[in-house]
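Structural overview for review
Next come the chains, spelled out residue by residue.
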Amino acid sequence: MNLLPQEKFETLGLSLPPAPQPLGIYKPYLVDGKYLYLSGHGPVRDDKSLIIGRIGDDMDIEEGKLAARQVGLTMLSTIVTNFGSLNKVKRVIKVLGMVNCNGDFLRHPYVINGCSELFAEVWGQENGIGVRSAVGMGSLPDNIPVEVEAVFELF
């Protein structure tokens with residue numbers, strides 16, 4: 001049985017946090033033709049609070065990966081809030097993951113896998129995995145551990 005992305009998400013038993021509102025001068029998303037661009041998202045919890053901390057200092061790699069998964073959930077929330085359903089997205093095109101970490105940390109891709117694995121669960125291996133960059137940053141806004149931006153193709 002082939003489930004649609006929204007149905008696949010619902011089988012995971014996960015909850016979506018509230019879609020974040022811009023805290024600066026930017027749009028949380030933009031549609032250009034058949035492409036949906038999502039601005040950088042952070043790890044928003046269900047109570048609207050942010051996961052805070054620097055990987056290698058305040059949290060370990062597994063906590064960072066979970067934070068990246070939470071960023072993915074926050075991005076899914078933006079899609080559902082503004083488009084009504086994850087079924088509007090055909091596939092993931094590009095993911096840029098930024099990891100707030102100390103200079104000794106070298107496993108940025110592992111952390112961003114938290115987000116990428118979620119997308120693969122929702123849209124499947126073929127459509128849920130796009131091209132990707134995972135980079136380390138000296139800091140991120142509000143000391144969040146992970147920020148991700150992405151491009152999706154719409155139906």
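Residues numbered from 1 in each chain as written. Predicted model: local features only at pLDDT ≥ 70, side-chain atom pairs only at ≥ 80, totals over all residues. Heavy atoms only, no water.

A word on the overall build of the protein. When you go through the protein residue by residue, the secondary structure sums to three helices and five strands. In sequence order, the secondary structure elements of the protein are arranged as α-β-β-α-β-α-β-β. Its C-alpha radius of gyration of 15 Å places the protein within 12% of the 15 Å reference for a compact globule of 155 residues. Overall, the protein is about 45 × 35 × 30 Å in size when its C-alpha atoms are taken along their principal axes. Partitioning the contacts of the protein with sequence separation of at least 6, the portion at a separation of at least 24 is 82%. Only carbon and sulfur atoms are counted for the fraction: they give 52% of the accessible area of the protein, which is about 7,900 Å². (Helix = DSSP H or I, 4+ residues; strand = E, 2+ residues; numbered from the N terminus. Rg over C-alpha atoms; globule rule 2.2 N^0.38 Å. Contact = heavy atoms within 4.5 Å. Areas by Shrake-Rupley, 256 points an atom, 1.4 Å probe, with all protein chains shown as cover.)

Of the voids in this model, the largest pocket is the one considered here, and its volume is about 460 Å³. As for the largest pocket, its lining consists of 19 residues, of which Pro20, Gln21, Leu23, Tyr26 and Leu50 are closest to the centre. Broken down by element, the residue count for the lining of the largest pocket peaks at three residues, all from strand 2 (residues 35-41). (1 Å grid on protein atoms, 1.4 Å probe; cavity = no way out; pocket = protein on both sides within 12 Å on 5 of 7 lines; lining within 4 Å. Points joined across faces, edges and corners; volume = space filled by probe spheres on them.)

Time to look at helix 2 (residues 61-83). The end-to-end C-alpha separation of helix 2 is 33 Å, in line with the 33 Å expected for 23 residues at 1.5 Å each. You can read the cap of helix 2 off the contacts: a side-chain oxygen lies 3.1 Å from the backbone nitrogen of Glu62, and it is on Asp60. Positive backbone phi, at 85 degrees, marks Gly84, one or two positions downstream of helix 2. (Expected span 1.5 Å × (residues − 1). Polar contact = N/O pair within 3.5 Å; in protein donor to acceptor, adjacent residues only side chain to side chain.)

With that settled, the discussion passes to the packing of aromatic side chains. What the rule picks out here adds up to four aromatic pairs. Judged by centre distance (5.2 Å) and plane angle (65 degrees), the rings of Tyr29 and Phe83 are edge-to-face. You can see Tyr29 sitting in strand 1 (residues 29-32) and its partner Phe83 sitting in helix 2, a full 54 residues away along the chain. Given the relative accessible area of 27%, Tyr29 is considered partly exposed. A ring pair is formed by Trp123 and Phe152, whose centres lie 5.7 Å apart and whose planes are at 50 degrees; its orientation type is tilted. (Phe/Tyr/Trp six-rings, centres within 6.5 Å; stacked < 30°, edge-to-face > 60°. Buried < 20%, exposed > 50% of the residue type's maximum accessible area, 1.4 Å probe, protein only.)

Grouped together as the largest cluster of nonpolar side chains are 33 residues, with contacts concentrated most on Leu76, Val111, Phe119, Trp123, Val146 and Phe152. Secondary structure elements with two or more residues in this core: strand 2, helix 2, strand 3 (89-100), helix 3 (108-128) and strand 5 (146-154). With eight residues, helix 2 is the single largest residue contributor to this core. Excluding anything up to four places from it in sequence, Phe119 contacts Gly72, Met75, Leu76, Val92, Val95, Gly124, Gly128 and Phe152. (Core = buried A, V, L, I, M, F, W, Y, C linked by side-chain atoms within 4.5 Å.)

On to the pattern of salt bridges. Inspection of every chain in the model, using the stated rule, returns six salt bridges. A salt bridge links Glu121 to Arg69, with the nearest nitrogen and oxygen atoms 2.8 Å apart. Placement of the pair is Glu121 in helix 3 and Arg69 in helix 2, with a sequence separation of 52 residues. With a relative accessible area of 33%, Glu121 lands in the partly exposed category. Shared partners join several salt bridges into a network, and the residues in it are Lys34, Lys90, Arg91 and Glu153. (Salt bridge = Lys/Arg side-chain N within 4 Å of Asp/Glu carboxyl O.)

Our focus in this paragraph is the side chain of Glu153. With respect to the secondary-structure elements, Glu153 resides in strand 5. Judged by relative accessible area, Glu153 falls into the buried class, the value being 4%. At 2.5 Å, the side chain of Glu153 and the side chain of Arg91 are in polar contact. When residues no more than four places from it in sequence are discounted, the contact partners of Glu153 are Lys34, Tyr35, Val89, Lys90, Arg91 and Ile93.

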